[in-house]
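Residue-level structure breakdown
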Amino acid sequence: YQRRVRGIFCCLFLVMNITADETVKQIRITKPLVHSITNYVSMDLMANTLLAIGASPIMAHAPEEVEELVQLSSVLVVNIGTLSSSWIDSMKKAVVKAKSLNKPWILDPVGCGASVLRTRTCVELIGLHSPTVVRGNASEIIALERALHLDRAKIEGQLVNCFEYRFGCGNHRKSGLCN
């Protein structure tokens, strides 16, 4: 698994569907604007990594501007490390706009599986528009894969039971979601 520092480069490589050398050359020639809705912890690191490979980062999460920025950008990166209702609203608006413009987007499901909010947010974002790339660590990918196999109609109000099952609380029998 790639470290988060190298993750954006690997994701751009996959999105552009060319060799690593050619990816760097293309990035340096085109200087793509990369709109990142990312957490406070990695914001500076992400921006500097993008600058180092020749991209132009914009780190913006205000709901009032995300649709405009997606329209201007070449790719959208959504990192769910910092969640609040306004950030989730911004993420959803940005993903819907990316879909309408047929732009690639990358989902980094930070902490997916650690809480109902994180997992539900990932499932809802993917339900709006499938990401071009999902990059995460093993536990995040496993938790996301499990959540996506649940009946989406049952997720609201029931996902907590699945988490209780995974953590041994015994309520899984009531929900029927985790069998």
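Data block above holds the structure.
Let me begin by describing the structure that accompanies this report.

The rules behind each value
Residues numbered from 1 in each chain as written. Predicted model: local features only at pLDDT ≥ 70, side-chain atom pairs only at ≥ 80, totals over all residues. Heavy atoms only, no water. Buried < 20%, exposed > 50% of the residue type's maximum accessible area, 1.4 Å probe, protein only. Helix = DSSP H or I, 4+ residues; strand = E, 2+ residues; numbered from the N terminus. Arc of directions from axis to C-beta. Core = buried A, V, L, I, M, F, W, Y, C linked by side-chain atoms within 4.5 Å. Contact = heavy atoms within 4.5 Å.

Some remarks on helix α2 (residues 20-30)
Inspection of α2 places T23, V24 and I27 among the buried residues, and these make up the whole buried set. One side of α2 holds all its buried residues, which, seen down the axis, span an arc of 95°. In α2, the exposed positions angled more than 90 degrees off the buried face are occupied by D21 and I29. K31 sits one or two residues past α2 and shows a positive phi near 45°.

Comments concerning the nonpolar core
Counting 23 residues, the largest nonpolar core has L76, V78, I80, M91, L107 and L125 as the members making the most contacts within it. At the level of secondary structure, the elements contributing two or more residues to this core comprise α4 (66-72), β3 (75-79), α5 (85-100), β4 (105-108), α6 (116-128) and α7 (138-148). For this core, the leading source of residues is α5, giving six residues. Setting aside its immediate chain neighbours within four residues, L76 contacts H35, I37, V70, A94, V95, A98, P104, W105 and I106. Counting 10 residues, the second largest nonpolar core, distinct from the first, contains I27, M46, V75 and I106.

Looking at the environment of K93
Looking at the element boundaries, K93 is found in helix α5. For K93, a relative accessible area of 29% puts it in the partly exposed group. Measuring from C-alpha to C-alpha, the distance between K93 and E64 comes to 9.5 Å, with 29 residues separating the pair along the chain. Setting aside anything within four residues of it in sequence, one finds K93 in contact with P63, V66 and E67.

Observations concerning α7
Restricting attention to buried positions, one finds in α7 the residues E140, A143, L144 and A147. What you see down the axis of α7 is that its buried residues fit within an arc of 100°, all on one side.

Considering unusual backbone geometry
At K31, a residue that is not glycine, the phi angle is positive and equals roughly 45°. Along the chain, K31 falls in the loop between α2 and β1 (33-37). The residue N102 is not glycine, and still its phi comes out positive at about 55°. Among the structural elements, N102 can be located in the loop between α5 and β4.

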